[in-house]
Amino acid sequence: MPPRDSATQIYRFGRQEILATLLCPLMIAGCGGSGSPSQMTISQTPMSQTIAFGAIAAQTAGASVVLTATSSSGLPVTFASTTPVVCAISGSMASLNAAGSCTLQASQAGNSSYAAATTVSQSFIVNAGLTACATPSPANPAAGSGTYRQIAINPNVYGTGSTSGWTVFGFSQEGALNGPGDPQVLEMLPNVVPRAWARWDTDGTHASDYNFGYPAQAKTAGIVFIGGTTATVLFPDEFPVAAQFESQVSCNAQGQPVIHSPLNFYRGSMASAAYRQYIVAIAELQIDGGVDGVFFDEVSGSYQGATYDNNEGFDDADVADFGGFLCAKYPSLSAAQWQSQFGITAADNLNCSTTAALAGRTFNYRGYLARNGWQTAPLISSNPLAAEWGVMGDDPQNGTFTNTYLYLVYWQDIVVTLRNYARQKYGREIYLTANGIYPFVDLQAAGLFDYDYFGPGGSDQDFCPLTGSGDLDGTQSLMPAFLYMQQQSAYVAGRSVLVSVFIDWPSGPMSRYLSLPSSEQQDYWRMYVPEAYAVGVHFAMHLLDTVGDPTATQLGLMPYFDKAAAFYKLPAHAALYENAQNLTGVVNVSVANVATNLTGLSDRRTVAHLINHNYSKGFQAQSAVVVSFPVANAPTTVTLVSPDASGDTSIPFTYANGQVQVTVPQLVSYVALVTK
């Protein structure tokens, strides 16, 4: 064995140097030979590092924020902005330039000892730098102040346009207002498209934003084309100067505008006359372009709050009107009684002893809330005025400020203005509607979503029920919910108007519907469209929305929708749902799990509707189903009508003791039995 010399080598590990004496083969180059010591450097994989970048609270535009982040290596962290319009970076300082969502990144590039750290991002809200929000009108709105019974209803608020023959609804909202239109609409040929357009942000604020050839095509095809706009969504860039935005934006009880993530919009105050004029002007653009009607989305949105805590709408315009409402509702209270009943003192400046137009409009409600520590939770039960302010619902008669004024003052003002515009400029009626159940409309167009409380008695209703395995739970009937909506419409509108519904989006029902196999998606419509018709509600079949969900064509549903539209539009069939009245008689069926309803037509015919809920991944057809139902007089014929049959057929019947009895040969999805 050859002799070995020792050699000194230095190993570098991070920041430490370890001196080691090793034997080095004499003949290996670099070991120094002849016993001479030599040094060599051995490389090592850089160590990892992490970044700690703490959350940043909501900020206000115009301010600056010093950013702090640290790396586990101790090396300096650098910052960058991916939203330079909202926030810009200079060193460790972020300048907040505009309202919106600011997204920042913290990074550390590493060195010879440390690898680059994983970049850490965080976002925070930049609120508009407001000096005020939603400037009040100089006096109470022209419709008058006060309670439900004190506010005058302008007779011009009611439309006189006919909705006769509106049987089939197809829901299609075109994302591009200037696009060519949805070809599915012109293929299916529904009677009505209830929200074909919706202005969003600045898209739709100018006539040049629209392709008015689309409604012209629809009208030529006999389709009622209803345009639309978001009623309360507001972006700062909709106005050329900040002061205009400030004078129309809604605020929370701390006087701050409320930003709604992730789309980063605010809410326009419906109490602001200027804001109402703004959205009316958008509707007028569409009327000028030839739409048959206008749909208003989220009319009550300015009261909901970003987290649905109802801490919104406490802007100067609403607060002034709230003071007027209180003075009108309690005209005889003394200063001592205002204090004993509501805790209102002279410091709150509620003056009811002035003219009717100015009464209550100096009320400092936000100051009242702040003095009592309620500004972050204004509807807390300990606040005696919370019940007077109220929570938004669909009942203008419930006695609260928000419901009374939203429906009877602000909404009425919009509707009257637009009806008069169409009548005076074009000599025609315009169809007006909103998302939900509203007064003064020509038709209800209610979106179905979770927690909309459209179930019986105002309960929450699942409008796309699934089984535990994720299939359609076709054993569940939606008929009680549809019937409740019909009843609510009659109560709120005060008259009979057509009620239509659609699956709103993005929403729980839409997500569940899209998760179904294609055959069950079709079964959804085969089951619930006739259930809605059976009680006088029109369910819009879903064609297109604006968030990239698959279209009806992509889902393979258009052949069914074309067939269903043709069936329900057939004059003999459409007549079964035209102005039908729900009757109290009971329909008896020999098999279980069949939803039924009895309706009467204006020509004195009676219709018994049967929807099959024997379902498990498909309809379980029922044979030889015996059905009996009350009819005042002995009929001459009973006709079986069904989309599952090749045609309408007369079937044998018996009549005794005021009851018609028939045997339905087969019930697949839906059968209507029509007596004459």
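Preceding block: the structure.
Please read these numbers as outputs of a predicted model, since none were measured by experiment. (Residues numbered from 1 in each chain as written. Predicted model: local features only at pLDDT ≥ 70, side-chain atom pairs only at ≥ 80, totals over all residues. Heavy atoms only, no water.)

Draft legend 1. Spotlight on the overall build of the chain. Helix and strand counts for the chain stand at 14 helices and 33 strands. Whereas a compact globule of 676 residues would reach a radius of gyration of roughly 26 Å, the chain reaches 34 Å, over 25% beyond that. Summarising its shape, the C-alpha atoms of the chain cover approximately 125 × 80 × 50 Å along the three principal directions. Put simply, the chain has 676 residues, and 51% of those count as buried. Long-range contacts, defined here as pairs at least 24 residues apart, represent 67% of the contacts in the chain between residues at least 6 apart. (Helix = DSSP H or I, 4+ residues; strand = E, 2+ residues; numbered from the N terminus. Rg over C-alpha atoms; globule rule 2.2 N^0.38 Å. Buried < 20%, exposed > 50% of the residue type's maximum accessible area, 1.4 Å probe, protein only. Contact = heavy atoms within 4.5 Å.)

Draft legend 2. Seen up close, the state of the cysteines. Across all of its chains, the model carries 3 disulfides by this definition. There is a disulfide in this structure between Cys87 and Cys102, and the S-S distance comes to 2.0 Å. Disulfide Cys87-Cys102: the torsion about the S-S bond is 95 degrees, which places it as right-handed. Of this pair, Cys87 sits in strand β9 (residues 87-90) while Cys102 sits in strand β11 (residues 100-107), placing them 15 residues apart in sequence. Cys87 sits in the buried class, given a relative accessible area of 0%. At a sulfur-sulfur separation of 1.9 Å, the disulfide partner of Cys327 is Cys352. Disulfide Cys327 to Cys352: torsion about the S-S bond roughly -75 degrees, handedness left-handed. Here Cys327, found in helix α5 (residues 316-329), pairs with Cys352, found in the loop between α6 (335-342) and α7 (365-371); they are 25 residues apart in sequence, far enough to count as distant. (Disulfide = S-S within 2.5 Å.)

Draft legend 3. Expanded view of the pattern of salt bridges. Applying the stated criterion across every chain yields a total of 18 salt bridges. Salt-bridge contacts for Asp442 lead to Arg419; the nearest nitrogen and oxygen are separated by 3.0 Å. One end of the pair, Asp442, is in the loop between β19 (431-434) and β20 (443-448); the other, Arg419, is in helix α9 (residues 401-426), and 23 residues separate them in sequence. When its relative accessible area of 1% is taken as the criterion, Arg419 is described as buried. A salt bridge links Glu429 to Arg423; its shortest N-O distance comes to 2.7 Å. It is possible to trace a salt-bridge network through shared partners that takes in Asp450, Asp462 and Arg512. (Salt bridge = Lys/Arg side-chain N within 4 Å of Asp/Glu carboxyl O.)

Draft legend 4. Spotlight on the pairing of strand β31 (residues 653-656). Two strands pair when backbone bridges link them, and β31 and strand β32 (residues 659-667) are joined in this way by 4 bridges, in the antiparallel orientation. Pairing of Ala656 across the sheet is with Gln659, part of β32. Counted along the chain from β31 to the antiparallel partner β32, the turn is 2 residues long, and its residue Asn657 has a positive phi close to 55 degrees. (Pairing = 2+ DSSP bridges.)

Draft legend 5. A look at the layout of surface pockets. A volume near 610 Å³ is recorded for the second largest pocket. Contributing to the lining of the second largest pocket are 26 residues, with Gln486, Ser496, Val497, Leu498 and Asn579 lying nearest its centre. At the level of elements, α10 (479-493), β21 (498-503) and β24 (581-582) are the ones that each hand at least two residues to the lining of the second largest pocket. The biggest single contributor to the lining of the second largest pocket is α10, with 5 residues. The residue makeup of the lining of the second largest pocket, split by class, is 9 nonpolar, 14 polar and 3 charged. (1 Å grid on protein atoms, 1.4 Å probe; cavity = no way out; pocket = protein on both sides within 12 Å on 5 of 7 lines; lining within 4 Å. Points joined across faces, edges and corners; volume = space filled by probe spheres on them. Nonpolar A, V, L, I, M, F, W, Y, C, P; charged D, E, K, R; others polar.)

Draft legend 6. Structural view of the nonpolar core. Counting 151 residues, the largest nonpolar core has Phe296, Trp525 and Phe539 as the members making the most contacts within it. The biggest single contributor to this core is α9, with 14 residues. Beyond its immediate stretch of four places on either side in the chain, Trp525 contacts Ile503, Tyr513, Pro530, Phe539, Ala540, Met541, His542, Leu557, Tyr560 and Phe561. (Core = buried A, V, L, I, M, F, W, Y, C linked by side-chain atoms within 4.5 Å.)

Draft legend 7. Quick peek at the environment of Asp504. In this structure, Asp504 sits in the loop between β21 and α11 (508-514). Owing to a relative accessible area of 10%, Asp504 belongs among the buried residues under this scheme. With 38 residues separating them in the primary sequence, Asp504 and His542 have C-alpha atoms 9.6 Å apart. Setting aside chain neighbours within four positions, we find Asp504 in contact with Arg195, Asn435, Gly447, Leu448, Phe449 and Met510.

Draft legend 8. Just the sheet that holds strand β28 (residues 622-630), in detail. The antiparallel open sheet is built from 4 strands, whose spatial order is β25-β28-β32-β31. Both outer strands of the open sheet, β25 (588-589) and β31, are each paired with one neighbouring strand and no more. Alignment of β28 against β32, held across 8 bridges, turns out to be antiparallel. Within β32, the residue paired with Gln622 across the bridge is Leu667.

Draft legend 9. Region of the structure containing unusual backbone geometry. Residue Pro262 is bonded to the preceding Ser261 through a cis peptide linkage, with omega at 5 degrees. Looking at the secondary structure, you find Pro262 in the loop between α3 (242-246) and β17 (266-267). Residues Trp505 and Pro506 are joined by a peptide bond in cis, for which omega reads -10 degrees. The backbone of Ala134 sits at a positive phi, close to 45 degrees, despite the residue not being glycine. Within the secondary structure layout, Ala134 lies in the loop between β12 (120-127) and β13 (170-172). The backbone of Asn349 sits at a positive phi, close to 60 degrees, despite the residue not being glycine.

Draft legend 10. Highlighting the side chain of Arg276. As for its position among the elements, Arg276 is in helix α4 (residues 273-288). With a relative accessible area of 5%, Arg276 lands in the buried category. At a separation of 2.8 Å, a polar atom in the side chain of Arg276 contacts the side chain of Asp413. (Polar contact = N/O pair within 3.5 Å; in protein donor to acceptor, adjacent residues only side chain to side chain.)

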